[in-house]
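Secondary and tertiary structure notes
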Amino acid sequence: MIQEKGSISIHTENIFPIIKKFLYSDNEIFLRELVSNAVDATQKLKRLSSLGQYGGEVGDLQVAVAFDADKKTITITDNGLGMTAEEIKKYINQIAFSGATEFVEKFKDAKDANEIIGKFGLGFYSAFMVSDNVEINTLSYQEGAEPARWICDGSTTFEITEGTRTTRGTEITLHINAESEEFLDKNKLETILEKYFKFIPVPVKFGTKSESIEDGEDEEGKAKYTSVEVDNIINSGTPVWTKAPADLTDEDYLNFYKELYPYSEDPLFWIHLNVDYPFNLTGVLYFPKLKKDFEIQRNKIKLYSRQVFITDEVKDIVPEFLMMLHGVIDSPDIPLNVSRSFLQADGNVKKINSYITKKVGEKLAELFKKDRKAYETKWEDIGLFVKYGMVSEEKFYDKAKDFALLTNTQKEYFTLDEYRTKVEGAQTDKDGNVIYIYTVDPAKQDAFIQSAHKKDYDVLLMDSPIDSHFVSQLEQKLDKTQLKRVDSGVADKLIDKGEKMEHVLSEDQTKKVKEVFEKAINKPVYQVEIDALSPDEMPVTVTMDEFMRRMKDMAAMGGGMSFYGNMPDSYKVAINGNHKLVTRIANSTDEAEQTQLAKQAFDLALLSQGMLTGASLTEFVNRSVSLI
Ligand code: ADP
Ligand code: MG
């Protein structure tokens, strides 16, 4: 008979109060750790059997979790490979960390339980976060092995005695401490188990524990067998990401999506990730229907390690611009239990990050090539993060430039190359720059768009939240290309073709008209100038310079350009020297009439851009009424 008392080999007196104290916030992970160990034990047995190192019956491998509210216990049972007393000493007693001193040093800075548990190999010891006493009762698969039992009360001393198990496997019994009784609850336990173990390869049964005394009853009348009345099997079959894509139908992927996000609309498409060198990674990433709100959809990717849920914090592993994807990533090669800064520096994490970027690029390229029309219909959803990716990642830009689409106000779609070909005829300026004209608000800027169309200019739609960045990015990347907002100048002046236009006003008339308008408008933010525009353009147009507006936009978005943010708005008021109305003002001798016409023409310009509000609008309406 084995009987031994000993001391767990760490040199700091009492490690468990530390674990308890510092890990309290995240204490549900004790269940993740212990059930993972149980699952591992079954998988190890399976491997031994397939390697011919275990000749016995494998049977139906399973893990069971049960609780007893009266006795205040939670038990985790598996029929995996079990342990001998020697193995308990080796694997459980000698806590696998480099030194107690280091531990005590480190725990001070540890932010969460994961950090400590992973770094110091304390998976099993997380049991003490919730227990006064932990008991292992185990029988190894090895021939002739004797059952062994280990008991520890959370101090550094333990006791090993002969065990009572008669069947292969391990039973861990936690005697739940007073602060952790919340875990002695069916719903609570079920919820935790479902969170972590929905997709593992061995059935995890959950139920209420009952003890039965069978023929082998021992002298003290202690139960020899415990059994679990199964209420629920937590996991739901093999998840799609572990299968081969060739064995899966669209329906399989969609069903899995529904399982992950029960109330969501179907995704647009998905990518099956599968790589085993130089790192191990599987998963399925779904592209959700985003429309224009991309903030609310973030943080929906779940990270697994060998099918055990770890976290839905995948920042750093997934590139920032793909954070609104949904789905699952499973990799044993991601250091799960370490701090953020370490993760960022980790080589594998970096490789995984660029692998995902590459895969997403390939998938989009494939969709584009396979069915352009279908791709266009999805563009409203995918365009947002394709642009986001192009703006934030150089490598992705290089890929995406072939499948990124530009949309114009007529809802036609063009690749970057196609668009250049389309507009370079009409929209090249005297220096050989191609000018792309865009609108951020087609309803508000309609007058400008129509003027541009009259000149055979095309107008791009840039109305999503990412577009102001995308516009700058395109301008940087595309050779001899400038982007101008449609209202940044009158249509005749958007593209300087070097043709000198003349207006019909004499020098005196020009001077007079300018004065009339300046007096009528009488606000310093408006700079009046007389331009030679075509007679069928509006008599007055109010514009804001492209550069100035962009700087202000950036400042408004917190782009660090507060200098421009603080500058007052400044607009150009272009008076069309070739318009009949302007000639009439020039020729009039009635000063009141001149002022009234100038005011009316100016207000109409503001009105057509939605810039006329409040008292100015009322004044305009009253003036109009009196005029008619
Ligand atoms: P890790 O799982 O990272 O190795 P743990 O502290 O969780 O660290 O477990 C330590 C070791 O104890 C395991 O590697 C395994 O050898 C052994 N062990 C724990 N639980 C079981 C179990 N249910 N069956 C068999 N061996 C186990
Ligand atoms: Mg473990």
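Here, every reference points to the structure presented above.
Residues numbered from 1 in each chain as written. Chains lettered and ligands numbered in written order. Predicted model: local features only at pLDDT ≥ 70, side-chain atom pairs only at ≥ 80, totals over all residues. Heavy atoms only, no water.

1. Section: the site of ligand 1
Around ligand 1, the surrounding shell holds 13 residues, and the nearest of these are Asn37, Ala41, Asp78, Phe124 and Thr170. Contact between ligand 1 and Asp78: a nitrogen atom at 3.0 Å from a side-chain N or O atom of the residue. At 2.8 Å from an oxygen atom of ligand 1 is found a main-chain nitrogen or oxygen belonging to Phe124. Considered on its own, ligand 1 offers 530 Å² of accessible surface; in the complex 75% of this is hidden by protein. At the level of elements, α2 (29-50) and α3 (85-93) are the ones that each hand at least two residues to the shell around ligand 1. Counting residues per element, the shell around ligand 1 draws most heavily on α2, at 4 residues. Here the residues of the shell around ligand 1 are counted per class, giving 7 nonpolar, 4 polar and 2 charged. (Near = heavy atom within 4 Å. Polar contact = N/O pair within 3.5 Å; in protein donor to acceptor, adjacent residues only side chain to side chain. Areas by Shrake-Rupley, 256 points an atom, 1.4 Å probe, with all protein chains shown as cover. Helix = DSSP H or I, 4+ residues; strand = E, 2+ residues; numbered from the N terminus. Nonpolar A, V, L, I, M, F, W, Y, C, P; charged D, E, K, R; others polar.)

2. A closer look at the packing of helix α16 (residues 507-521) against helix α19 (residues 580-587)
Two numbers describe how α16 lies on α19: the axes approach to 9 Å, and their chain directions differ by 95°. Our classification of the angle between α16 and α19 gives roughly perpendicular. Along its contact with α16, which presents Gln509, Lys512, Val513, Val516 and Phe517, the element α19 presents Val582, Ile585, Ala586 and Asn587. Among the residues forming the contact of α16 with α19, the class breakdown is 6 nonpolar, 2 polar and 1 charged. (Axes fitted to C-alpha atoms, helices over the stretch in contact; angles between N-to-C directions. Parallel < 35°, antiparallel > 145°, perpendicular 65-115°, else oblique. Contact = heavy atoms within 4.5 Å.)

3. Focus: the sheet that holds strand β20 (residues 526-531)
One open sheet holds the 3 strands; their spatial order is β20-β22-β21, and the pairing between them is mixed. Single-partner strands in this sheet number two, and they are β20 and β21 (540-543). The average undirected angle you get between the axes of adjacent strands in this sheet is 25°. Across the face of the sheet, α16 comes into contact with β20, β21 and β22 (571-576) while running at roughly 155° to β20. Where helix α20 (residues 591-608) meets the sheet, its contacts fall on β20, β21 and β22, and the angle it forms with β21 comes to roughly 45°. (Pairing = 2+ DSSP bridges.)

4. Structural notes on the packing of aromatic side chains
Here the structure, examined in full by the defined rule, presents 29 aromatic pairs. Measuring from ring centre to ring centre gives 5.5 Å for Phe124 and Tyr125, while their planes differ by 85°; the resulting arrangement is edge-to-face. As far as the burial class goes, Phe124 and Tyr125 line up, both buried. By way of ring pairs, the aromatic residues Tyr196, Phe197, Phe199, Trp241, Phe256, Tyr304 and Phe309 are connected into one cluster. When the ring centre of Tyr397 is taken as reference, the NZ or CZ atom of Lys477 above it lies at 4.9 Å. (Phe/Tyr/Trp six-rings, centres within 6.5 Å; stacked < 30°, edge-to-face > 60°. Buried < 20%, exposed > 50% of the residue type's maximum accessible area, 1.4 Å probe, protein only. Lys NZ or Arg CZ within 6 Å of the ring centre and 35° of its normal.)

5. Re helix α17 (residues 546-556)
For α17, the complete set of buried residues consists of Glu546, Met548, Arg549, Arg550, Met551, Lys552 and Ala555. You can read the cap of α17 off the contacts: a side-chain oxygen lies 3.2 Å from the backbone nitrogen of Phe547, and it is on Asp545.

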